[in-house]
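Residue-level structural notes
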Amino acid sequence: MSDGRVAVGQAAVDQLLEVLDLDSTGEMTFRGMSPPVGPQRVYGGQVAGQALVAAGRTVDPERFVHSLHGYFVRPGDPVEPIAYEVENIRDGRSFSVRRAVALQHGKPIFFMSASFQRAEEGLDHQAPAPLDVPPPQEVPTMTDRLSRYPERLGIWGQIPRPIDVRYVGEPGWVRPGDRPADPHQRVWMRIDGKLPDDPLLHACALTYASDLTLLDSVLSAHGEVWGPGGLVGASLDHALWFHRPFRADEWFLYDCLSPSASGARGLATGRMFTTDGRQIASAVQEGLLRRVGA
């Protein structure tokens, strides 16, 4: 379905699945494409998600990804295909480790290490989920939020929206001065349609989503916004740990905060919880942040 301007719901999710469905060009090499309409540079969550697809396809499907660590080294060109080269670092009795490099024009734009583990039993505990957060059904939708700021719509009015994103507080793309400082930036998310049951695909979809709002927590701490009169930013690195089974097409709370910002860089951390309070993942990211004029 569509809201008249962009693909939303299952139609947008199907487009995301096409983006994550890499072509195999060899035993350990793959090729990915970007959506036909998108930002001027490849979205970081896309290249990280595609790199995880590439790495995961070379691993025994009985081993599930438990962590990934990646660096963004060059901006990606959304018009050009992205080549992914996977290196088998190790296959042990319990763990498999892969290194995936994304290349355009013969140069790396992103590289990632990912570790996969066979299912095992062990100790189990977690920090409690936040208690003072309204459920997603009581939080404004992205369409509701955007309707208040048509001049800030920009590219968001053109690209598909495969993820239902609902900000608990003010998002970073409101007008300068409209955002109160808040140490926490909390967002409800879910893939806005049905995904196949493949656990690797859900991990890749969560990786895709994890880059959407994490860095915004740095701005939230100062009541700052993106764009004119605020700041521009770019992801420098990204790390993600998967703790428990989940479905990315079911609601999860992305609870983010920034422990430090200095030297035109900001560090952001995030925890992801299901609606029943299970912590399914943790994320850490550092980004480059520079002020722009009005």
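In the annotation of an unreviewed UniProt entry, the entry for the protein chain reads Acyl-CoA thioesterase 2, and the organism field reads Micromonospora arida. Per UniProt, the comment on the protein chain under Sequence similarities (unreviewed entry) is "Belongs to the C/M/P thioester hydrolase family."

1. A short note on the side chain of Asp211
One can find Asp211 in the loop between helix H4 (199–210) and helix H5 (216–220). Buried and unpaired, Asp211 has Arg41 as its nearest opposite-charge partner, separated by 8.8 Å. Once you skip the residues sitting within four places of it in the chain, Asp211 turns out to touch Tyr43, Gly44, Gly45, Ser235, His238 and Gln285.

2. Here's the deal with the sheet that holds strand E12 (residues 279–291)
Paired through backbone hydrogen bonds, the strands of a sheet run either parallel or antiparallel to each other. Strand order in the open sheet formed by 12 strands is E1-E2-E4-E5-E6-E3-E9-E12-E11-E10-E8-E7, with antiparallel pairing between adjacent strands. Edge positions in the sheet fall to strand E1 (23–24) and strand E7 (163–167), since each of these pairs with one other strand and no more. The sheet strands contacting helix H2 (residues 44–56) are strand E2 (29–32), strand E3 (63–72), strand E4 (82–91), strand E5 (95–104), strand E6 (107–118) and strand E9 (231–242), and the helix crosses E6 at an angle near 50°. Sheet contacts for H4: E3, E6, E7, strand E8 (184–191), E9, strand E10 (252–262), strand E11 (265–274) and E12; angle to E9, the most-contacted strand, approximately 150°.

Conventions adopted
Residues numbered from 1 in each chain as written. Predicted model: local features only at pLDDT ≥ 70, side-chain atom pairs only at ≥ 80, totals over all residues. Heavy atoms only, no water. UniProt positions renumbered as here; feature names shortened; annotations may be inferred. Helix = DSSP H or I, 4+ residues; strand = E, 2+ residues; numbered from the N terminus. Buried < 20%, exposed > 50% of the residue type's maximum accessible area, 1.4 Å probe, protein only. Lys, Arg positive; Asp, Glu negative; His and termini not counted. Salt bridge = Lys/Arg side-chain N within 4 Å of Asp/Glu carboxyl O. Contact = heavy atoms within 4.5 Å. Pairing = 2+ DSSP bridges. Axes fitted to C-alpha atoms, helices over the stretch in contact; angles between N-to-C directions.

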